[in-house]
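Results of the structural survey
Given next are the chains, with one letter for each unit.
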Protein chains: 2
Amino acid sequence: MTRAIQTKNEKLPDPVGFATHDHNDCIDTAIAAAETHCANNGVRLTPVRRKALEILLQEHRALGAYEILDRLRDAGFGSQPAVAYRALEFLVTNGSAHKIERLNAFIACAHSKVSHVPAFMICTECDSVAEVQSNLTNKAFGNAAHVAGFRIEQTTMEAVGLCPVCIDKSKT
Amino acid sequence: MTRAIQTKNEKLPDPVGFATHDHNDCIDTAIAAAETHCANNGVRLTPVRRKALEILLQEHRALGAYEILDRLRDAGFGSQPAVAYRALEFLVTNGSAHKIERLNAFIACAHSKVSHVPAFMICTECDSVAEVQSNLTNKAFGNAAHVAGFRIEQTTMEAVGLCPVCIDKSKT
DNA sequence: ACTTGCAATGTTATATCATCACATAGAAAT
DNA sequence: ATTTCTATGTGATGATATAACATTGCAAGT
């Protein structure tokens, strides 16, 4: 469950698509995207919110609110749950992060540039989480909703199972 | 949030497809289906489990574990959380009930006869929940998973929004 | 019939996740 | 400068969930 801290210029497998990628400046990019988005929408990416997003971006995995709270406190912010929950609510509302309902945890958005319906694959073995680009999926749900006369505001799509890495491990 | 108790021979709108249906013997039918399923799989539908399923079937809506626990206690069973959680885990594992992750609540399965991938529409206004028959939806998710090399074991698909009834209400 | 084994239940305690209410501080609007 | 509104900090509490262990009851093997 613990995971190595990301060091500079290192490439390691991470759960964005369960594939290796260069993590180096994806944090800066994502923060910049969030700032732009906030500016465009007349909301503020305050220090706590920004720090919370940074924390989520450090690791591409889902973090519990209290885990985030710990790190916010270490960074000099408030130490009560509401501090974390408020920052997270903001990030989720503004599309910079998603809540993984299955885990009661939060993860930085992996597709912050494009409008998308988030979908996730969650490994039961190593707890890694991959965000899937999946508008087709939503279309199918949308049909059912249309027939029923239901007006969708937000969808949650999460698959639990085994990631490729853990499938390999289980074979040996 | 409260909902009228179902009385005999009455037809009322309920959240199974947000449409009116005859509720009269759907409880008996579902219990019978669960019993058959248990017999076929060498597991036991014990009194607590059966009662928990009955409780869920009484209303076609999502009930929290503690709400179920209250009623189990009233029926003479144990009064501690584990009692409810264990019965619910059993029902979920055996397909007689589903957990609604968005609500941290449980609901009787509306399609207990057929194998299916559960999907739900949840009204933010009246808290009604409709189970959707939606294998197509899963196929789309399955494609993404296949490409990623992820082995899906279980999926959660939930849409929140407004049900037809509440859309109508909001128009007036 | 005994007893061994196992699944299910009950209970105590505690862990984990989340929100409410209210005070204070700081930015934006007038 | 004053007002207003948003954001933050804190204390208290609520809601959801599991761990650990004792007890019971049934069923298989002898």
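See the structure above.
In this report, the structure presented in the accompanying data block is examined. Bear in mind that the values here come from a model prediction, so they are computed numbers and not experimental data.

What follows concerns the environment of K113(A). Its place among the elements puts K113(A) in the loop between strand 4 (105-108) and strand 5 (118-123). Along the sequence, K113(A) and A33(A) sit 80 residues apart, while their C-alpha atoms lie 7.0 Å from each other.

Residues and elements named next belong to chain B. Of note in the backbone geometry, N104 takes a positive phi value of approximately 45° without being a glycine. Relative to the elements of secondary structure, N104 occurs in the loop between strand 3 (97-100) and strand 4 (105-108). N104 gets classed as partly exposed once you look at its relative accessible area, which sits at 43%. Despite not being glycine, D127 shows a phi value in the positive range, around 65°.

By nearness alone, 17 residues border DNA strand C, and Y66(A), K99(A), T46(B), Q80(B) and R86(B) come closest of all. Of all atoms in DNA strand C that approach within 4 Å of the protein, 52% are sugar or phosphate atoms. At 3.5 Å, a side-chain N or O of N104(A) approaches a phosphate oxygen of DNA strand C. Looking at the surface near DNA strand C, the elements that each hand over two or more residues are helix 4 (81-93) of chain A together with helix 2 (47-58) and helix 4 (81-93) of chain B. Here the surface near DNA strand C is built from residues that sort into seven nonpolar, five polar and five charged.

Definitions and cut-offs
In every chain, residue numbers begin from 1 and rise along the written sequence. Chains carry letters from A onward and ligands carry numbers from 1 onward, assigned in written order. Thresholds applied to this predicted model are a pLDDT of at least 70 for local features of residues and 80 or more for the giving and counting of side-chain atom pairs; totals over whole chains, interfaces and linings are not thresholded and use all residues. To obtain the side-chain values, all non-hydrogen atoms of the structure were included, while hydrogens and water were left out. Helix numbers and strand numbers start at the N terminus; a helix is a DSSP run of H or I with at least 4 residues, a strand a run of E with at least 2. Buried residues are those whose accessible area, probed at 1.4 Å on protein chains only, stays under 20% of the maximum for their type, while exposed residues exceed 50% and partly exposed ones sit between those limits. One heavy atom within 4 Å of a molecule or strand makes the whole residue count as near it. Pairs of N or O atoms within 3.5 Å make up the polar contacts considered here, provided that, within protein, one atom can donate a hydrogen while the other can accept it, and that residues adjacent in sequence are counted only when both atoms are side-chain atoms. Throughout, the ten residues Ala, Val, Leu, Ile, Met, Phe, Trp, Tyr, Cys and Pro are labelled nonpolar, Asp, Glu, Lys and Arg are labelled charged, and all others, Gly among them, are labelled polar.

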